[in-house]
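# Examination of the molecular architecture
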Amino acid sequence: MWSSDELDLDAYLARIGYTGGLAPTEETLRGVHRAHVLGIAFENLDVALGRTPALDVKGLQEKLVRRRRGGYCYEQNSLLAAALERLGFDVAARGARNRTRGDVLTPVTHAVLVVTAGGRSWLADAGFGHQGPLEPVPLDATGEVRQGPWTYAVGREDGGLHVLRVLRGDEGWRDLYAFGPQATYPVDFVLMNHYSATHPRSHFTGQIVVQRVAEDERVALVRDELTRVRPPWTADRHTTAPGGLIALLGSEFGIELSETDGAELVRTYCAGV
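Small disclaimer: the values here were computed from a predicted structure and weren't measured.

## Things to note about the sheet that holds strand S10 (residues 209-213)
Read across the sheet, five strands follow the order S1-S10-S11-S12-S13 without closing on themselves; strand pairing throughout is antiparallel. The outermost strands of the open sheet, each flanked by one partner alone, are strand S1 (42-43) and strand S13 (234-239). Inspection of the sheet shows S10 paired to strand S11 (residues 218-222) by five bridges, in the antiparallel sense. Residue pairing across strands places Val-210 opposite Leu-221, the latter belonging to S11.

Rendered as structure tokens:
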């Protein structure tokens, strides 16, 4: 389903720095997921430049692997799905509804993976930015799931909904997103990608969003505000200068743009994106 035969697996594994086992086991799933999340930043810079990101495996390899760029959920999880399928995992997809914006009912625009390993179903998601899980989360978990200093949980609601939650320090538990049992396919990613890249109400149009996950911190740049989150979920925020954008992308997120794209992004950024 994920065109994994077109993936240069060795180049992908080198890109994320994964050197562990390749058998389709829980250990491999955790290791590849963790390495991917730590190694590839979340970013919408193509969308900020007025482009719709490509989701085919060759296009993803060119951008995320060869050019060492990042991407948002459809790109990240399509690439991860191809790699996991190539390794022998059963990989399905689901469409999720973002719940981080309070009581606002958002459309189903987030894409996640459900992977079978060790006789269990796991939520795999390398594309939810700085709030997302570092490792896959077992969908049959009945309590807290600790991932280093970060804590997640899976709730269940009527209609077969699973809800991913994160413990945010003094704020307590916060819902991140909810998804049902209905299968989603790569062609559905294409439709959601079009909305997210072009619709004026999309969170990703009209602003820069770049984020990364590390073992001991989470960093997010949205418009001109840089937020650094450290355990248990303490946030430090400050405003960035447009003139320092390109250097910031490199130093904080490991992203290097071409000279042309960098200049265009700065012009757009200075104009108020």
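## A closer look at the side chain of Gln-131
Checked against the element boundaries, Gln-131 lands in the loop between strand S4 (120-124) and strand S5 (137-138). Among the polar contacts listed, one links the side chain of Gln-131 to the side chain of Arg-168, at a separation of 3.0 Å. For Gln-131, the residues in contact, after removing those within four places along its chain, are Thr-100, Tyr-152, Arg-168, Leu-176, Arg-218 and Trp-233.

## Some words on the packing of helix H2 (residues 26-39) against helix H5 (residues 73-86)
It is the contact of H2 with H5, at a shortest axis distance of 11 Å, that shows an interaxial angle of 150°. The angle between H2 and H5 falls in the class roughly antiparallel. The two elements H2 and H5 cross, and the hand of that crossing is right-handed. Of H5, the residues touching H2 (which contributes Leu-29, Val-32, His-33 and His-36) are Gln-76, Leu-79, Leu-80 and Leu-84. Taken together, the residues of the contact of H2 with H5 break down into five nonpolar, three polar and no charged.

## Focus on the packing of aromatic side chains
Tallying each qualifying case throughout the model produces eight aromatic pairs. Pairing Tyr-72 with Phe-204 gives two aromatic rings, centres 5.2 Å apart and planes at 80°, and the pair type is edge-to-face. Here Phe-204 lies in the loop between helix H6 (186-198) and S10 and Tyr-72 lies in the loop between helix H4 (57-66) and H5, a separation of 132 residues in the sequence. The residues Tyr-72 and Phe-204 share a single accessibility class, namely buried. Arranged with centres 4.9 Å apart and planes meeting at 70°, the rings of Phe-128 and Tyr-177 form a pair that is edge-to-face. Placement of the pair is Phe-128 in the loop between S4 and S5 and Tyr-177 in strand S9 (residues 173-179), with a sequence separation of 49 residues. Each member of the pair, Phe-128 as well as Tyr-177, carries the same accessibility label: buried. Ring pairing ties together the aromatic residues Trp-2, Phe-42, Tyr-72, Tyr-74, Phe-189 and Phe-204, which thus form one cluster. Stacked on the ring of Trp-122, the Lys or Arg Arg-120 has its end atom at 5.1 Å from the ring centre. The ring of Trp-150 carries the charged tip of Arg-218 above its face, separated from the ring centre by 4.4 Å.

## Structural notes on the nonpolar core
Nonpolar side chains in soluble globular proteins generally cluster together in the buried interior. Ranked by size, the top nonpolar core spans 46 residues in total, and within it Tyr-12 and Leu-113 carry the most contacts. Counting residues per element, this core draws most heavily on H5, at eight residues. Formed by 19 residues, the second largest nonpolar core is a distinct cluster that contains Val-112, Leu-123, Ala-141 and Trp-150.

Rules and cut-offs
Residues numbered from 1 in each chain as written. Predicted model: local features only at pLDDT ≥ 70, side-chain atom pairs only at ≥ 80, totals over all residues. Heavy atoms only, no water. Pairing = 2+ DSSP bridges. Helix = DSSP H or I, 4+ residues; strand = E, 2+ residues; numbered from the N terminus. Polar contact = N/O pair within 3.5 Å; in protein donor to acceptor, adjacent residues only side chain to side chain. Contact = heavy atoms within 4.5 Å. Axes fitted to C-alpha atoms, helices over the stretch in contact; angles between N-to-C directions. Parallel < 35°, antiparallel > 145°, perpendicular 65-115°, else oblique. Left-handed = near helix turned anticlockwise from the far one by under 90°. Nonpolar A, V, L, I, M, F, W, Y, C, P; charged D, E, K, R; others polar. Phe/Tyr/Trp six-rings, centres within 6.5 Å; stacked < 30°, edge-to-face > 60°. Buried < 20%, exposed > 50% of the residue type's maximum accessible area, 1.4 Å probe, protein only. Lys NZ or Arg CZ within 6 Å of the ring centre and 35° of its normal. Core = buried A, V, L, I, M, F, W, Y, C linked by side-chain atoms within 4.5 Å.

Everything listed here is a matter of geometry and, on its own, says nothing about what the molecule does.
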